[in-house]
Amino acid sequence: MNRWRHCTSDGSHIVIEIDDWGPNSERCVVPGVTWIGSSSDIDGAWYTGRIC
């Protein structure tokens, strides 16, 4: 996984948590596709349930 696709029609920005082989990081993503890192650096990502 190296991209996050946030599909929405309301323009919301959401917070995702990224498991990147160290302490997890969070990122605010906008609608569309966001590059979150190299596949070798990312073990997973998920929506935290928060907006930003």
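See the structure above.
The structure presented is a predicted model; accordingly, all values stated were derived computationally and were not measured.

## Side note on the sheet that holds strand S5 (residues 44-51)
Strand order in the open sheet formed by three strands is S3-S2-S5, with antiparallel pairing between adjacent strands. At either end of the open sheet lies a strand with only one pairing partner, and these are strand S3 (25-29) and S5. Taking the axes of each pair of neighbouring strands and ignoring which way they run, one obtains an average angle of 30° across the sheet. Note: strand S2 (residues 14-19) against S3, five bridges, orientation antiparallel. Opposite Ile14, over in S3, you have Val29 as the bridge partner.

## Quick word on the nonpolar core
Listed in full, the eight residues of the largest apolar core are Trp4, Ile14, Ile16, Ile18, Val29, Ile36, Ile42 and Ala45. Top element by residues in this core is S2. It accounts for three residues. Dropping the residues within four chain positions of it, Ile18 is found in contact with Asn24, Ser25, Arg27, Ile36, Ile42, Gly44 and Ala45.

The rules behind these values
- Residues numbered from 1 in each chain as written.
- Predicted model: local features only at pLDDT ≥ 70, side-chain atom pairs only at ≥ 80, totals over all residues.
- Heavy atoms only, no water.
- Pairing = 2+ DSSP bridges.
- Helix = DSSP H or I, 4+ residues; strand = E, 2+ residues; numbered from the N terminus.
- Axes fitted to C-alpha atoms, helices over the stretch in contact; angles between N-to-C directions.
- Core = buried A, V, L, I, M, F, W, Y, C linked by side-chain atoms within 4.5 Å.
- Buried < 20%, exposed > 50% of the residue type's maximum accessible area, 1.4 Å probe, protein only.
- Contact = heavy atoms within 4.5 Å.

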